[in-house]
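Inside the fold
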Amino acid sequence: MTSGNPWAIEAQGLTKLFGPRPALLGVDLRVPRGAFLSVFGPNGAGKSTLIRSLATIMRPTAGKVMLEGLDAARHGGEVRRLLGVVTHQTLLYPDLTAQENLEFYARMYDVPRRRERIAYLADLVGLEGRLDQVVGTLSRGLQQRVALARALLHDPPILLLDEPETGLDPQAQGMLGDLLRRVDGQERTVVMATHSLERGLELGDRLAILVRGRLAYESTKEALNLEALRSTYRHLAAAGE
Amino acid sequence: MRGFWGKALAIAWKDILAEARTKDMVLSMLVFSILVIIVFNFAFESSAEQTAQVAPGVLWVTFTFAGVLGMNRSFVQEKDRGCLEGLMLCPLDRGVIYTGKMLGNFIFMLLVEVIVLPVFSILFNLPLFAPRLVLITVLATLAFSTAGTLFAAIAVNTRARDFMLPILFIPVVVPVIIAAVQASGLALAPGPGEGYWSWLQLIVVFVVIFLAVSFLVFEYVLEE
Ligand SMILES: Nc1ncnc2c1ncn2[C@@H]1O[C@H](COP(=O)(O)OP(=O)(O)OP(=O)(O)O)[C@@H](O)[C@H]1O
Ligand SMILES: [Mg+2]
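Residues numbered from 1 in each chain as written. Chains lettered and ligands numbered in written order. Predicted model: local features only at pLDDT ≥ 70, side-chain atom pairs only at ≥ 80, totals over all residues. Heavy atoms only, no water.

1. Quick word on the confidence of the model for chain B
For residues with low pLDDT, the predicted coordinates do not support detailed interpretation. Put simply, the rule reads: For every residue, the predictor states its confidence as a pLDDT score lying anywhere from 0 to 100.
Per-residue confidence for chain B averages 91 on the pLDDT scale, and 98% of its residues sit at or above 70. Our summary of model confidence lists the complex with pTM equal to 0.91 and ipTM equal to 0.90.

2. Let's talk about the coordination of the magnesium ion (ligand 2)
All names here are of chain A. Applicable threshold: Shown as donors are all N, O and S atoms within 2.8 Å of a metal ion, widened to 3.2 Å for Na, K and Ca; because water is not in the atom set, sites may appear incomplete. For helices the rule is a DSSP run of H or I covering at least 4 residues; for strands it is a run of E covering at least 2, with both sets numbered from the N terminus onward. The cut-offs for exposure are 20% and 50% of the maximum accessible area for each residue type, with area from a 1.4 Å probe on protein chains only; residues under the lower value are buried, those over the upper are exposed, and the others partly exposed.
For the magnesium ion (ligand 2), the full set of protein donor atoms is Ser48 (OG) and His88 (NE2), at a range of 1.9 to 2.3 Å. Taken together, the residues span a long stretch of sequence, with Ser48 in helix H1 (residues 47-54) and His88 in the loop between strand E6 (83-86) and helix H3 (98-108) at a distance of 40 residues. Overall, the relative accessible area of 19% leaves Ser48 in the buried class. We classify His88 as partly exposed; its relative accessible area is 43%.

3. Notes on the pattern of salt bridges
To keep it simple, the criterion reads: We count a salt bridge whenever a side-chain nitrogen from Lys or Arg sits within 4 Å of a carboxyl oxygen from Asp or Glu.
Overall, the coordinates contain 20 salt bridges over all chains when judged by the stated rule. Of the charged contacts, one joins A:Asp169 and A:Arg145 as a salt bridge, the two residues approaching to 3.0 Å between their closest N and O atoms. Residue A:Asp169 is located in the loop between strand E7 (158-162) and helix H6 (170-179), and its partner A:Arg145 is located in helix H5 (residues 140-152); the two are separated by 24 residues in the primary sequence. We classify A:Arg145 as buried; its relative accessible area is 12%. Linked by salt bridges that have partners in common, B:Lys14, B:Asp15, B:Glu78 and B:Lys101 make up one network.

4. Things to note about the packing of aromatic side chains
Quick note on the threshold: Pairing of aromatic side chains requires ring centres within 6.5 Å, counting the rings of Phe and Tyr and the six-membered ring of Trp. Pairs whose planes differ by under 30 degrees are stacked, by over 60 edge-to-face, and all others tilted. Two limits define a charge over a ring: the Lys NZ or Arg CZ must be within 6 Å of the ring centre, and within 35 degrees of the ring normal.
The final tally for this structure, using the stated rule, is 14 aromatic pairs over all chains. Between A:Tyr93 and A:Phe104, the ring centres sit 5.9 Å apart and the planes meet at 85°, which makes this aromatic pair edge-to-face. Of this pair, A:Tyr93 sits in the loop between E6 and H3 while A:Phe104 sits in helix H3; the two residues are eleven residues apart in sequence, bridging distant segments of the chain. Of the two residues, A:Tyr93 and A:Phe104, both sit in the buried class. For the ring pair B:Tyr98 and B:Phe218, a centre distance of 5.2 Å and an interplane angle of 65° mean the geometry is edge-to-face. With a gap of 120 residues between them, B:Tyr98 in helix H5 (residues 94-123) and B:Phe218 in helix H8 (residues 196-222) connect regions that are remote in the sequence. The pair B:Tyr98 / B:Phe218 is uniform in exposure class, with both members buried. Here the guanidinium or amino end of B:Lys101 rests over the ring plane of B:Phe75, the centre of that ring lying 5.4 Å away. Above the face of the B:Tyr196 ring, B:Arg132 is positioned so that its terminal group lies 5.1 Å from the ring centre.

5. A few points about the nonpolar core
What counts, and what does not: Residue types Ala, Val, Leu, Ile, Met, Phe, Trp, Tyr and Cys, when buried and joined through side-chain atoms within 4.5 Å, form a set referred to as a nonpolar core. In this analysis, two residues are considered to be in contact whenever any of their non-hydrogen atoms come within 4.5 Å of each other.
A:Ile9, A:Leu50, A:Leu160 and B:Phe169 are the most contacted members of the largest nonpolar core, which has 142 residues in total. The element best represented in this core is helix H6 (residues 131-156) of chain B, accounting for 13 residues. Ignoring any residue separated from it by four or fewer positions in sequence, one finds B:Phe169 in contact with B:Thr64, B:Val68, B:Met71, B:Phe144, B:Ala147, B:Gly148 and B:Phe151.

6. Observations concerning the sheet that holds E6(A)
Residue and element names in this part refer to chain A. To be explicit about the condition: Note on pairing: two strands pair once DSSP finds at least 2 bridges between them. The axes used here are C-alpha line fits, helices contributing only the stretch in contact, and every angle between their N-to-C directions lies in the interval 0 to 180 degrees.
The strand order across the open sheet formed by six strands is E6-E7-E8-E3-E9-E10, and the pairing between neighbours is mixed. Whereas interior strands pair on both sides, the edge strands pair on one side only; in this sheet they are E6 and strand E10 (214-220). Strand-to-strand, the axes of this sheet are offset by a mean angle of 15°, without reference to chain direction. In this structure, strand E3 (residues 36-40) lies alongside strand E9 (residues 206-211), joined through four bridges in parallel fashion. Each bridged residue has a counterpart across the sheet, and for Leu37 the counterpart in E9 is Arg206. Here H1 sits on the sheet and contacts E3, E6, E7, strand E8 (189-193) and E9; the angle it forms with E7, its principal contact strand, is near 150°. The strands that H5 touches are E6 and E7; relative to E6, the one it contacts most, it runs at about 165°.

What follows is the structure in structure tokens.
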């Protein structure tokens, strides 16, 4: 897209207040195109708020979000087309079947050849034979698989994932890595909030720890192993109490 | 604005599909409407000409509150299941979301009215099919949906969302209620019913204004 700009995601001074209490406080973040950033942090640290602000679901109190060089506040429509999002909620209609849900969203994203795309994704996330079931009657893990398929429908260049492993069995968690790669081999930029240090370290090439709405730590994967990450995390989380 | 209508209709269609499975919203509107009409029918045990005078008022009180009941649900359901966020994430013009939800509300209200109107006519001893009553019902329902969809979207983001919709909605639609009651009275009375068309025009103007306002502000209404 903007070839001169290496950042797929840029946040400057991102702040979100709920009443007087900040959920995010002056977060500056830059994610290069094709990178995979894993975000850790204790409960209430602001991970979901960060994901939601980047995803344009939430309007930040202050600060700015740029996606592929576009100001998210001003180019909402174009920016949303670049994003695939998984949040705490599945964003699915419980009274519709998985197929109906995916078809509805595929239409909203102007996905060409919808049925083939849905069949392909269903296969990818392991939903064989479940597409015609009403989503409300699917197990949590199966719903999460539909939610992942939903986020990937339009093959977005940027993925924002909030605990995508929720409810998934170990096998499905294992396929997350493959799933997040793009079909045409192009690089996808991913930001993933997770509580699993192992998974985050395995998938991510950059790591960040949020504590009380502040970016307390940032590193590349090479600089860390699981033990070092664990102790850093424990140390920062304890300091934030 | 690629495929504006295709997408708006798809939004309305998924509401219809979900409603066809649960029947939550239409059933509660229907039961409420029929009960209100029956209670009014008992309350006004009166002569034929008095009936003709109160009947239009009864009808529109019923439709107004049934509409509030239904439209409130349409956004509360969307919000509570997190689906409103899913919709907001789509690269859609906010006007598409508004139009889709508005069409869905319009269709659900019409569906209820198609069943309630004959019951009403029988109970109040009125002609079963009055084309001009049908016309005014369709137009006033459209007016209710245009304003109600906007206010329901505002209400769902407030804490007092259960009673916020009626508080916002009812004062604003007073002109529509008055116009609908007057026009229905004229449509049901024998004779040419002079003035019917000017009431109708008033409703059309209301629809146009509310469509314009909603398209302008809906973007800001949806965001947290
Ligand atoms: N809608 C809201 N209204 C008020 N406060 C909120 C709202 N959403 C989040 N918060 C507050 O913002 C802070 C950060 O919340 P957030 O959901 O981002 O945390 P998190 O890191 O995702 O936590 P978890 O690990 O539990 O998912 C918390 O203190 C939370 O209570
Ligand atoms: Mg969270």
